[in-house]
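# Per-entry structural report
Take a look at the letters that make up each chain.
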Amino acid sequence: MSKQEPDGCCPTLLDTPLDEDRAADLAKVFKALGDPVRLRLLSMIASRAGGEVCVCDLTPAFDLAQPTISHHLKLLKQAGLIDSERRGTWVYYRLLPRMTDRLAAILTRPAGGQVPAESRGAASTGVASPGAASPGAAS
């Protein structure tokens, strides 16, 4: 994200509409997360004990060529989600928690905050919540 924001001052999507620049910056990050391979890679890196993982441990988890994995990792790095360090022949990746924390802050509804009426419940989205009975279902 190009603009530096002081810690703790990231308005959520429910607080303030995004301006064009911020929306473009966020879209790059969400686009990087929008691919199942990249999402799995990020999860594997983030959940690794010790906080980092060698590319040699990531590649076997996928039915993809090593250059394809490297490309996906490059996109995650360009989005500011991970960082890397070369050690000899191998590259080690680690999560950049600042970016994931910022995403979480942007998407989190403030405590006690109200959700706009049009975004509440299955009636407006057409999607029932898990475990909810469908209309007209026998009880």
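As shown above, the structure is provided for reference.
Residues numbered from 1 in each chain as written. Predicted model: local features only at pLDDT ≥ 70, side-chain atom pairs only at ≥ 80, totals over all residues. Heavy atoms only, no water.

## Remarks on the nonpolar core
- L41, L73, L81 and Y93 are the most contacted members of the largest nonpolar core, which has 23 residues in total.
- Elements that contribute at least two residues to this core include exactly α1 (20–33), α2 (36–46), α3 (55–58), α4 (66–78), β3 (90–95) and α5 (97–107). (Core = buried A, V, L, I, M, F, W, Y, C linked by side-chain atoms within 4.5 Å. Buried < 20%, exposed > 50% of the residue type's maximum accessible area, 1.4 Å probe, protein only. Helix = DSSP H or I, 4+ residues; strand = E, 2+ residues; numbered from the N terminus.)

## Regarding the packing of α2 against α4
- The contact between α2 and α4 brings their axes to 10 Å, and the two run at 75°. Put simply, α2 runs roughly perpendicular to α4. From α2, V37, R38, L41, L42 and I45 reach across to α4, where they touch I69, H72, L73, L75 and L76.
- Residues belonging to the contact of α2 with α4 are distributed by class as follows: eight nonpolar, one polar and one charged. (Axes fitted to C-alpha atoms, helices over the stretch in contact; angles between N-to-C directions. Parallel < 35°, antiparallel > 145°, perpendicular 65-115°, else oblique. Contact = heavy atoms within 4.5 Å. Nonpolar A, V, L, I, M, F, W, Y, C, P; charged D, E, K, R; others polar.)

## Details of the sheet that holds strand β1 (residues 52–54)
- The strand order across the open sheet formed by three strands is β1-β3-β2, and the pairing between neighbours is antiparallel. Both outer strands of the open sheet, β1 and β2 (82–87), are each paired with one neighbouring strand and no more. Here the strands of the sheet are splayed against their neighbours by 25° on average, with no regard to which way each runs.
- Against the sheet, α4 engages β2 and β3, with an angle of about 125° to β2. (Pairing = 2+ DSSP bridges.)

## Looking at α5
- When α5 is considered as a whole, its buried residues turn out to be M99, R102, L103 and I106. Projected down its long axis, α5 shows its buried positions confined to an angular sector of 100°, all on one face. (Arc of directions from axis to C-beta.)

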